[in-house]
Amino acid sequence: MTGFTLVIVSELSEREFLVQMSWLYLDNFHEGLPFTTLCFFSSLDDYFVLQILLYGGFDDLDCLLLMGSQASRGESDLSMEKKQHIAIYTTASLPWMTGTAVNPLFRAAYLVKHAGRKVTLVIPWLSLNDQELVYPDKKTFSSASEHEAYVRHWLEERTGFACGFDIRFYPGKFALDKRSILPVGDITEIIPDEEAVVAVLEEPEHLTWFHHGKRWKTKFRLVVGVVHTNYLEYIRREKNDMQANIVKHVNNWVVSIYCHKVIRLSGATQELPRSVICNVHGVNPKFLEIGKKKKEELENGDPAFTKGAYYIGKMVWNKGYRELLKLLKDHQKDLAGLEVDLYGKGEDSEEVKAAARKLDLAVRVHPGRDHADPLFHDYKVFLNPSTTDVVCTTTAEALAMGKIVVCANHSSNEFFKQFPNCLMYNDDIGFVTATRKALADQPAPLTDEQRHELSWEAATDRFLRVAGLEDPNTLDEATSKAPTRNFASISFNIKRKLEDVSAFVHYAGSGVELLRRVLGAIPGSIHANEEQRRELGLASTSGKQRSKSLGR
């Protein structure tokens, strides 16, 4: 029988090592396979192991044996089982009213309140100049603690209960060309090693495009990505198909390197490795309360909805305004008498106003407002032809308030098909028919089951189920299975080798400033600058250690 190459990486003492090797031989190599190559190393550091594989000349490596002492491994497993800590990283923060600022905030709150988990929400901290570019109404914060207080107050005002999770900040910078906040430095360091059990990456591709630091799968026992944005559709509309295809492959690459699992909110997102489709978002409980009041009014025979149709969303063409105004323009005769109110603000506000004025229909454009504002309570019909959203939050909110929604029969709206007040259309004629029907009919009152499906309690249950976190004391078998007799033998097939090599290539490439700039990273974003370090209480770049408590 031919031999094979065996590399051993161990933390054991020489005596412990010899004992464990005897068990290994008896249990796994009783057929007497001769070792062509046998090497022994004394470190379990993943990057060290990777360097061994890449540069050690083991082209014909068949098996890698990882061995650890009973004390170090046993204590680690017991600690994990006592309390499963979940760190949620996201790409935006209030007062920027975008989905990745709002939804992770509610997820953190309900993972604590509804599921009893220990949670830390990690959000970006921007310097004053960037805050002025991003946050509305010239709202700025002089310190992370002031920003944290604002976030907590906003959430508690809407949920009615105190936030039971921690908030920490990572350094970020606003990329004007991408209209996005990008991380600066190694943001895995924000969570101490002893708390690094589960990481939830809200927009995993976004958080890892230019990541240069510890590998997420090394830092955390389980890394779950939640895909919020249909980047490919935006790029196709604003750039071209070639750039969209490049981003598609880059997204596949970084997600496969850094995530154990990926949750796609709908089929409108790109296919990604190890992904499932599930809407793990709910609605602000205030909208469900509004819906309850409207149901009571309908049951009592009172006029619940005295206004017609409206749309609310960030006022940029790609957020549904182009589609809606075109439908209204092309079918003005069919929809004669229709009045529509548009609410929002954004880069294309003036162009949207100009296009609306050219219509014969009464289409009024108003500044943006909170969707829970009493102004919206009496509207009966929500028109939303957008197909760039992954799961439209405002559609869910409108349904929760008891309204009729008219939307496209598109994968982004699949979750809403279960609700009788959701009228979907396939073409222009279908839009006209659905809009007329919605204006003529009364909404069907939501049942308790339907209301629950829209809630954050139900969304939290769905998240825990698809992430493999239903049991608070264990992780998914695939990532947490304990080694037998203090050793584990892991066969390195081609796929695993390629993933490790890919991680190394990404780490090396993301550390080259020139290459980062060519690929679109913000200049000087490999490490946080001195200003951000000072604002977050981080040690100076000349210091040897970084603070473990950020923004607190």
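The sections below set out a description of the structure shown in this document.

### Focus: the overall build of the chain
No. 1: Looking only at helices and strands, the chain features 21 helices and 18 strands.
No. 2: The buried share of the chain, reckoned over its 552 residues, is 53%.
No. 3: Sequence separation of at least 24 residues holds for 72% of the intrachain contacts in the chain that already meet a minimum separation of 6.

### Side note on the packing of helix α4 (residues 99–113) against helix α6 (residues 144–159)
In helix packing, the relevant descriptors are the interaxial angle and the interaxial distance, both defined with respect to the helix axes.
No. 1: The geometry of α4 relative to α6 is characterised by a closest axis approach of 11 Å and an angle of 70 degrees between their N-to-C directions. Overall, the two elements α4 and α6 adopt an arrangement that is roughly perpendicular. For the pair α4 and α6, the crossing hand works out as right-handed. Residue-level contacts link V102, L105, F106, A109 and Y110 of α4 to V151, W154, L155, R158 and T159 of α6.
No. 2: Of the residues assigned to the contact of α4 with α6, the class counts are eight nonpolar, one polar and one charged.

### Regarding the sheet that holds strand β15 (residues 379–384)
No. 1: The strand order across the open sheet built from six strands is β14-β13-β12-β15-β16-β17, with neighbouring strands paired in parallel fashion. On the outer flanks of this sheet lie β14 (362–366) and β17 (422–425), each paired with one strand and no other. With strand direction ignored, the average angle separating the axes of adjacent strands in the sheet is 25 degrees.
No. 2: As paired elements, strand β13 (residues 339–343) and β14 share five bridges and run parallel to each other.

### Here we look at α4
No. 1: With 15 residues, α4 extends 21 Å between its outermost C-alpha atoms, agreeing within 8% with the 21 Å of an ideal straight helix rising 1.5 Å per residue.
No. 2: Burial of α4 is extensive: 13 of the 15 residues sit out of reach of the surface.

### Considering the packing of aromatic side chains
No. 1: All told, the structure shown has 23 aromatic pairs when counted by the stated rule.
No. 2: Note on Y89 and F220: the rings are 6.4 Å apart at their centroids and 85 degrees apart in plane angle, and the pair reads as edge-to-face. Of this pair, Y89 sits in strand β4 (residues 85–89) while F220 sits in the loop between α8 (216–219) and β9 (222–227); the two residues are 131 residues apart in sequence, bridging distant segments of the chain.
No. 3: Here Y89 falls in the buried class, since its relative accessible area comes to 0%.
No. 4: Overall, the relative accessible area of 2% leaves F220 in the buried class.
No. 5: Pairing Y310 with F382 gives two aromatic rings, centres 5.1 Å apart and planes at 55 degrees, and the pair type is tilted. With a gap of 72 residues between them, Y310 in strand β12 (residues 307–312) and F382 in strand β15 connect regions that are remote in the sequence. We note that Y310, like F382, is buried.
No. 6: The rings of Y310, Y311, Y321, Y343, F376, Y379 and F382 are connected pair by pair, giving a single aromatic cluster.
No. 7: Sitting above the plane of the F463 ring, R107 keeps its charged end 5.3 Å from the centroid.

### Structural notes on the environment of M315
No. 1: Mapped onto the fold, M315 is located in the loop between β12 and α12 (321–330).
No. 2: Placed 35 residues apart in sequence, M315 and E350 show a C-alpha to C-alpha distance of 9.2 Å.
No. 3: Once residues within four sequence positions are removed from consideration, M315 is found in contact with Y321, Y343, G344, K345, G346, E347, D348, S349, V352, V365 and H366.

### Side note on the packing of α4 against helix α17 (residues 456–467)
No. 1: Look at α4 against α17: their axes get within 10 Å of each other, and the N-to-C directions meet at 85 degrees. Classified by the angle their axes make, α4 and α17 are roughly perpendicular. Counting all contacts with α4, which are made through N103, F106, R107, Y110 and L111, the residues of α17 involved are W456, E457, T460, F463 and L464.
No. 2: The class makeup of the residues in the contact of α4 with α17 is six nonpolar, two polar and two charged.

### Remarks on unusual backbone geometry
No. 1: The omega angle of the peptide bond from L94 to P95 is 10 degrees, so this bond is cis rather than trans.
No. 2: In the Ramachandran plot, D137 falls in the positive-phi region, its phi being about 55 degrees despite a non-glycine side chain.
No. 3: For D137, the location among the structural elements is in the loop between α5 (128–134) and α6.
No. 4: For R179, which is not glycine, the phi torsion reads 50 degrees and is therefore positive.
No. 5: Judged by relative accessible area, R179 falls into the partly exposed class, the value being 36%.

### Looking at helix α11 (residues 285–299)
No. 1: A rise of 1.5 Å per residue sets the reference length of α11, with its 15 residues, at 21 Å; its end C-alpha atoms lie 21 Å apart and thus fit the reference within 8%.
No. 2: Those residues of α11 that fall on the buried side of the exposure criterion are P285, F287, L288, I290, G291 and K294.
No. 3: Next to the buried residues of α11 lie α4, α6, α14 (393–400) and α16 (448–454).
No. 4: Backbone nitrogen of K286 and a side-chain oxygen of the N-cap are separated by 2.9 Å at the start of α11; the cap is N284.
No. 5: In the stretch just after α11, G301 is the one whose phi turns positive, near 80 degrees.

### A word on the nonpolar core
No. 1: Formed by 107 residues in total, the largest nonpolar core has its most connected members in F165, L328, F431, L454 and F463.
No. 2: When residues of this core are assigned to their parent elements, the largest contribution, nine residues, is made by α4.
No. 3: The residues touching F165, leaving out its near neighbours within four places in the chain, are L105, A108, A109, V112, V119, L121, R152 and L155.
No. 4: In terms of nonpolar packing, the next biggest core, distinct from the first, is built from 30 residues, I190, W209, W216 and V223 among them.

### Some details on the sheet that holds strand β11 (residues 275–277)
No. 1: Strands sit in the order β7-β6-β5-β4-β8-β9-β10-β11 across an open sheet of eight strands; the sheet is mixed. Two strands bound the open sheet, and with one partner strand each, they are β7 (180–183) and β11. Here the average twist between neighbouring strands, direction ignored, is 30 degrees.
No. 2: The pairing of β9 with strand β10 (residues 261–264) spans four bridges and is classified as parallel. Across the sheet, residue V227 finds its bridge partner in β10, namely R264.

Criteria and thresholds
- Residues numbered from 1 in each chain as written.
- Predicted model: local features only at pLDDT ≥ 70, side-chain atom pairs only at ≥ 80, totals over all residues.
- Heavy atoms only, no water.
- Helix = DSSP H or I, 4+ residues; strand = E, 2+ residues; numbered from the N terminus.
- Buried < 20%, exposed > 50% of the residue type's maximum accessible area, 1.4 Å probe, protein only.
- Contact = heavy atoms within 4.5 Å.
- Axes fitted to C-alpha atoms, helices over the stretch in contact; angles between N-to-C directions.
- Parallel < 35°, antiparallel > 145°, perpendicular 65-115°, else oblique.
- Left-handed = near helix turned anticlockwise from the far one by under 90°.
- Nonpolar A, V, L, I, M, F, W, Y, C, P; charged D, E, K, R; others polar.
- Pairing = 2+ DSSP bridges.
- Expected span 1.5 Å × (residues − 1).
- Phe/Tyr/Trp six-rings, centres within 6.5 Å; stacked < 30°, edge-to-face > 60°.
- Lys NZ or Arg CZ within 6 Å of the ring centre and 35° of its normal.
- Polar contact = N/O pair within 3.5 Å; in protein donor to acceptor, adjacent residues only side chain to side chain.
- Core = buried A, V, L, I, M, F, W, Y, C linked by side-chain atoms within 4.5 Å.

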